Amino acid sequence: LKKIMADVSKKDDCIFCKIVNGGLKSDIVRTGKNFIAVKDISPFAEGHTLILPKQHYSTMLDIPNGLGGEMLQFVKEVVSDLTKKNLGTGFNIISNNFKSAGQVVMHAHIHVIPRKDGDGIRYFSKD
Ligand code: AMP
Ligand code: ZN
């Protein structure tokens, strides 16, 4: 019961779980079996997208290996969507894991950031 309660409260205050279950409004751009893609609310570039597992996993380390292939395929589909919309000619995929690496939302996710020549985006800058 303790574990069940912990899972429930974790989901209750997780904003990405709320996005997945429709409790928080978001701009979902693609839905798969185990993943969804949403527009980042504070984008580095037009088209900046987050890929979230539908299940609550706290970091990349918690995502089962069995979802790895689907996750990679989903990344490719999101990139293809962005490319078709002419939002980038290249892309960065980034995942912040744990507080020391800048993870703010403790529901594992991948950033897909479309890039263009000379766009000047420096994601890793600390300021
Ligand atoms: P990080 O955990 O460092 O990858 O940062 C969380 C990311 O989630 C940031 O890029 C935020 O802009 C983004 N974010 C936070 N809340 C929302 C939301 N409600 N909808 C979409 N993106 C969000
Ligand atoms: Zn969650």
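These notes cover the structure that comes with them.

### Looking at the coordination of the zinc ion (ligand 2)
Bound to the zinc ion (ligand 2) on the protein side are Cys14 (SG), Cys17 (SG), His56 (ND1) and His107 (ND1), at distances that span 2.0 to 2.3 Å. Taken together, the four donor atoms surrounding the zinc ion (ligand 2) define angles of 104 to 114° at the centre, an arrangement classified as tetrahedral. For the zinc ion (ligand 2), all donor residues lie on one chain, and their spacing in sequence is C-x2-C-x38-H-x50-H. Here Cys17, found in helix 2 (residues 15-20), pairs with His107, found in the loop between strand 4 (90-94) and strand 5 (110-115); they are 90 residues apart in sequence, far enough to count as distant. The residues Cys17 and His107 share a single accessibility class, namely buried.

### Thoughts on the sheet that holds strand 2 (residues 35-39)
The strand order 1-2-3-5-4 describes an open sheet built from five strands, whose pairing is antiparallel. Either end of the sheet is taken by a strand with one partner, and the two such strands are strand 1 (28-31) and strand 4. Ignoring which end each strand starts from, the neighbouring axes of this sheet average 20° apart. Where strand 4 and strand 5 come together, five bridges link them in antiparallel fashion. Note on strand 5: the bridge partner recorded for Phe91 is Pro114.

### So, the pattern of salt bridges
The final tally for this structure, using the stated rule, is four salt bridges. When the shortest N-O distance is used, the salt bridge between Asp27 and Lys39 registers 3.7 Å. Here Asp27 is found in the loop between helix 2 and strand 1, whereas its partner Lys39 is found in strand 2, with twelve residues between them in sequence. Here Asp81 ties to Arg30 by a salt bridge, and the two come within 2.9 Å at their closest N and O atoms. Taken together, the residues span a long stretch of sequence, with Asp81 in helix 3 (residues 68-84) and Arg30 in strand 1 at a distance of 51 residues. According to the relative accessible area criterion, Arg30 is partly exposed, its value standing at 26%.

### So, the nonpolar core
Counting 16 residues, the largest nonpolar core has Phe35, Ile51, Ile63, Phe74, Val78, Ile110 and Val112 as its most contacted members. Those elements that place two or more of their residues in this core are strand 2, helix 3 and strand 5. Ranked by residue count, the leading element in this core is helix 3, at six residues. For Ile51, the residues in contact, after removing those within four places along its chain, are Phe35, Ile36, Ala37, Phe74, Val75, Val78, Ala108, His109, Ile110 and Val112. If you look at the next biggest cluster of nonpolar residues, it comprises nine residues, including Cys14, Ile19, Leu52 and Val105.

Calculation notes
Residues numbered from 1 in each chain as written. Chains lettered and ligands numbered in written order. Predicted model: local features only at pLDDT ≥ 70, side-chain atom pairs only at ≥ 80, totals over all residues. Heavy atoms only, no water. Donors = N, O, S within 2.8 Å, 3.2 Å for Na, K, Ca; no water. Tetrahedral: all angles 85-135°; square planar, octahedral: opposite > 155°, others 65-115°. Helix = DSSP H or I, 4+ residues; strand = E, 2+ residues; numbered from the N terminus. Buried < 20%, exposed > 50% of the residue type's maximum accessible area, 1.4 Å probe, protein only. Pairing = 2+ DSSP bridges. Axes fitted to C-alpha atoms, helices over the stretch in contact; angles between N-to-C directions. Salt bridge = Lys/Arg side-chain N within 4 Å of Asp/Glu carboxyl O. Core = buried A, V, L, I, M, F, W, Y, C linked by side-chain atoms within 4.5 Å. Contact = heavy atoms within 4.5 Å.

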